[in-house]
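A closer look at the structure
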Amino acid sequence: MMDLRILLFFVTVPWIFCEPARTSKVVPKHKGILKIVDDEELISESRIVMEAKKPKKKVIVNTDYDSPADTEDEGPGADHKDDKELPTCLMCVCLTGSVYCEEVSPDMTTVPALPRETAYLYARFNKITKITNRDFADIATLRRIDLTGNLISEIEDGAFSKLNQLEELTLAENKLVKLPMLPAKLVSLNANHNLLKTKGVKANIFKKLTRLAYLYLGDNVLEAVPLLPESLRVVHLHNNNITSLTDDTFCKGNNTHYIRYNMQEVRLDGNPITLAQHPNSFICLRALPIGHYK
């Protein structure tokens, strides 16, 4: 019986001491000190070490629009827009060279800041009350301006005079009592339905416009026909207060052989004047003016 106990002692004791050895590993600690750790702890620490050494991936965000950083990195030849252009193209429709600001809500009371390359401006049926010298000062490319149906009662004298490429100017259906200086290359001026009087139209304002072909001054309060350039093809002066004509209004009184070849249409209807009483006033025209003859 004693021999059996001694045998069991020698068999179980080594097994007890060997079991921790199989489940533990000796790893070096700092300064040569050994530390016994479990397999699970070792795996966990090694995973942490691996994750710590794993390089971070560079994240690239792909957007559908340019970020501010992108615009800063663009070269000097990049197409930048002025900050002042943005509000205009939010309120209006901006196409290549054209700006459409019609019946803008909330009410537009002044001319908006325009992109520098604007050639055609349509700002109709708004609440614009005044045109200043600054409104178009930097827009040398303008060829057509349409301000129909606003509340414009004043235009500063130099507002359009420096627009060397302007050919068409429409100021119809406003509250103008006088006209400003006009650019030299103007071809068409429409100022129908205003409050224009003869004293508000300078004597030679049209005479110097050698390319002016279409002049619309109907539905105003003019008392006389202004001096007209030779280039005119159409002139509308209907529904004014014109009471008389002279031999020099359309013709040259001292030259009976003079014929005004360019003039195609003259409207004088709606004025308190009987055209039959002034036959020499339109003897040089190729067609009789439209108006009352009896």
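The structure this text deals with has already been given above.
Predicted model, so just to flag it, every value in this text is computed and none were measured.

Looking only at helices and strands, one finds 4 helices and 13 strands in the chain. The buried share of the chain, taken over its 294 residues, is 35%. A fraction of 41% describes how many contacts in the chain between residues 6 or more apart in sequence connect residues 24 or more apart. Total accessible area on the chain is roughly 19300 Å²; 55% of this is exposed by carbon and sulfur atoms.

This part covers the environment of isoleucine 283. Inspection of the secondary structure puts isoleucine 283 in the segment after β13 (265–267). When its relative accessible area of 63% is taken as the criterion, isoleucine 283 is described as exposed. Taking C-alpha positions, isoleucine 283 is 9.5 Å from lysine 252, a pair spaced 31 residues apart along the chain.

What follows is about the nonpolar core. Grouped together as the largest cluster of nonpolar side chains are 57 residues, with contacts concentrated most on Ile131, Phe136, Ile145, Phe160, Phe206 and Phe250. Every residue in contact with isoleucine 131, bar those within four places of it in the chain, is listed here: Val111, Phe136, Leu147, Ile152, Glu154, Ile155, Glu156, Ala159 and Phe160.

Within a sheet, adjacent strands bond to each other through the backbone by hydrogen bonds, running parallel or antiparallel. What the 9 strands build is an open sheet, ordered β3-β4-β5-β7-β9-β10-β11-β12-β13; its pairing is mixed. The open sheet has two free edges, formed respectively by β3 (93–95) and β13, since each of these has just one partner strand. The mean inter-strand angle of the sheet, taken between neighbouring strand axes irrespective of direction, is 5 degrees. The pairing of strand β11 (residues 214–216) with strand β12 (residues 234–236) spans 3 bridges and is classified as parallel. Residue pairing across strands places leucine 215 opposite valine 235, the latter belonging to β12.

Our focus in this paragraph is the pattern of salt bridges. Working definition: two side chains of opposite charge can pair if their charged atoms are close together. Within the structure shown, the criterion is met by 8 salt bridges. The residue arginine 124 makes a salt bridge to aspartate 146 at a minimum N-O spacing of 3.2 Å. Of this pair, arginine 124 sits in the loop between β5 (120–122) and β6 (130–131) while aspartate 146 sits in strand β7 (residues 144–146), and the two are 22 residues apart along the sequence. The class of arginine 124 is partly exposed, set by a relative accessible area of 24%. By relative accessible area, aspartate 146 is classed as buried at 9%. For the salt bridge of glutamate 156 with lysine 130, the shortest nitrogen-to-oxygen distance reads 3.6 Å. Taken together, the positions of glutamate 156 in the loop between β8 (154–155) and β9 (168–170) and lysine 130 in strand β6 put the pair 26 residues apart, joining distant regions of the chain. Residue classification places lysine 130 among the partly exposed positions, given a relative accessible area of 32%.

With respect to the element layout, threonine 132 can be found in the loop between β6 and β7. With relative accessibility at 12%, the residue threonine 132 sits in the buried group. With residues up to four places along the chain from it excluded, the contact list for threonine 132 reads Glu156 and Ala159.

Rules of the game
Residues numbered from 1 in each chain as written. Predicted model: local features only at pLDDT ≥ 70, side-chain atom pairs only at ≥ 80, totals over all residues. Heavy atoms only, no water. Helix = DSSP H or I, 4+ residues; strand = E, 2+ residues; numbered from the N terminus. Buried < 20%, exposed > 50% of the residue type's maximum accessible area, 1.4 Å probe, protein only. Contact = heavy atoms within 4.5 Å. Areas by Shrake-Rupley, 256 points an atom, 1.4 Å probe, with all protein chains shown as cover. Core = buried A, V, L, I, M, F, W, Y, C linked by side-chain atoms within 4.5 Å. Pairing = 2+ DSSP bridges. Axes fitted to C-alpha atoms, helices over the stretch in contact; angles between N-to-C directions. Salt bridge = Lys/Arg side-chain N within 4 Å of Asp/Glu carboxyl O.

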